[in-house]
Amino acid sequence: VRPLPPPVSPMRLTTKGRYAVTAMLDLALHEGGSPVSLSDISARQEISLSYLEQLFARLRRAGLVTSVRGPGGGYRLQRPGTEISVASIIDAVNETYEATACQGKGGCQQGEICLTHTLWNDLSEQIHAFLSGITLAELVARGEVQWVSRRQDERRSRAGRARAAGEINLTVLR
């Protein structure tokens, strides 16, 4: 008897989708009238700046964010957080939530639909519907999201003060 191959898990939100949602949530949390720079988001969320630039180009094309150029520039939400769903963010960066092994094409079993195609396809639709029902504003209002955001801000503030103190100490020693 031949052992079964390990289960394949095609339903996975990749880094692109997770980072896009994380960055948009950070933007929504820190947008207090002035644009938020990608370098600030990068530092708080530990996402590479070049990767954020790629994601925000797609988010801008999808009409989710607007960019402000010049000193003090950055990004703002183009619409209120109540009008931006998690699904719209993931869709904007061309991410999928496909649970079928055939990516919804129906050719997973010698070019034909398998027995469970409809089940996994229905699951994909349920995931999309679920994420469509969650807005940035709802996430911002969650206590645990606010707590994590404050912790990130405090950690970044402490690191900045420590760096400044080190620069001052180096200056005094010279």
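Just above, that's the structure.
No experiment lies behind these values; they were computed from the predicted model shown. (Residues numbered from 1 in each chain as written. Predicted model: local features only at pLDDT ≥ 70, side-chain atom pairs only at ≥ 80, totals over all residues. Heavy atoms only, no water.)

Caption draft 1: Molecular detail of the overall build of the protein. In terms of helices and strands, the protein carries seven helices and two strands. Helices and strands in the protein line up, N terminus first, as α-α-α-β-β-α-α-α-α. Considering the protein as a whole, with its 174 residues, one finds that 33% of them fall into the buried category. When contacts within the protein are restricted to residue pairs at least 6 apart in sequence, those whose partners lie at least 24 apart make up 66%. When the accessible surface of the protein is split by element, carbon and sulfur atoms take 54% of a total near 11,100 Å². (Helix = DSSP H or I, 4+ residues; strand = E, 2+ residues; numbered from the N terminus. Buried < 20%, exposed > 50% of the residue type's maximum accessible area, 1.4 Å probe, protein only. Contact = heavy atoms within 4.5 Å. Areas by Shrake-Rupley, 256 points an atom, 1.4 Å probe, with all protein chains shown as cover.)

Caption draft 2: Representation of the side chain of Ser85 in the model. Inspection of the secondary structure puts Ser85 in the loop between strand E2 (74-77) and helix H4 (86-92). For Ser85, the contacting residues outside a window of four places in its chain are Leu131, Ser132, Ile134 and Thr135.

Caption draft 3: Here's a closer look at the packing of helix H1 (residues 15-30) against helix H3 (residues 49-61). Two elements in contact, H1 and H3, have axes separated by 10 Å at closest approach and are oriented at 80°. Accordingly, the angle class assigned to the pair H1 and H3 is roughly perpendicular. Here Thr15, Lys16, Tyr19, Ala20, Ala23, Met24 and Leu27 of H1 lie close against H3, whose contacting residues are Tyr51, Leu52, Leu55, Phe56, Arg58 and Leu59. (Axes fitted to C-alpha atoms, helices over the stretch in contact; angles between N-to-C directions. Parallel < 35°, antiparallel > 145°, perpendicular 65-115°, else oblique.)

Caption draft 4: Quick look at the packing of aromatic side chains. Scanning all chains against the criterion turns up two aromatic pairs. Taking 5.8 Å as the distance between ring centres and 85° as the angle between the ring planes, the aromatic pair formed by Tyr19 and Tyr51 counts as edge-to-face. Within this pair, whereas Tyr19 is found in helix H1, its partner Tyr51 is found in helix H3, the two being separated by 32 residues in sequence. A centroid spacing of 4.9 Å and a plane angle of 55° characterise the contact between Phe56 and Tyr75, whose relative ring orientation is tilted. (Phe/Tyr/Trp six-rings, centres within 6.5 Å; stacked < 30°, edge-to-face > 60°.)

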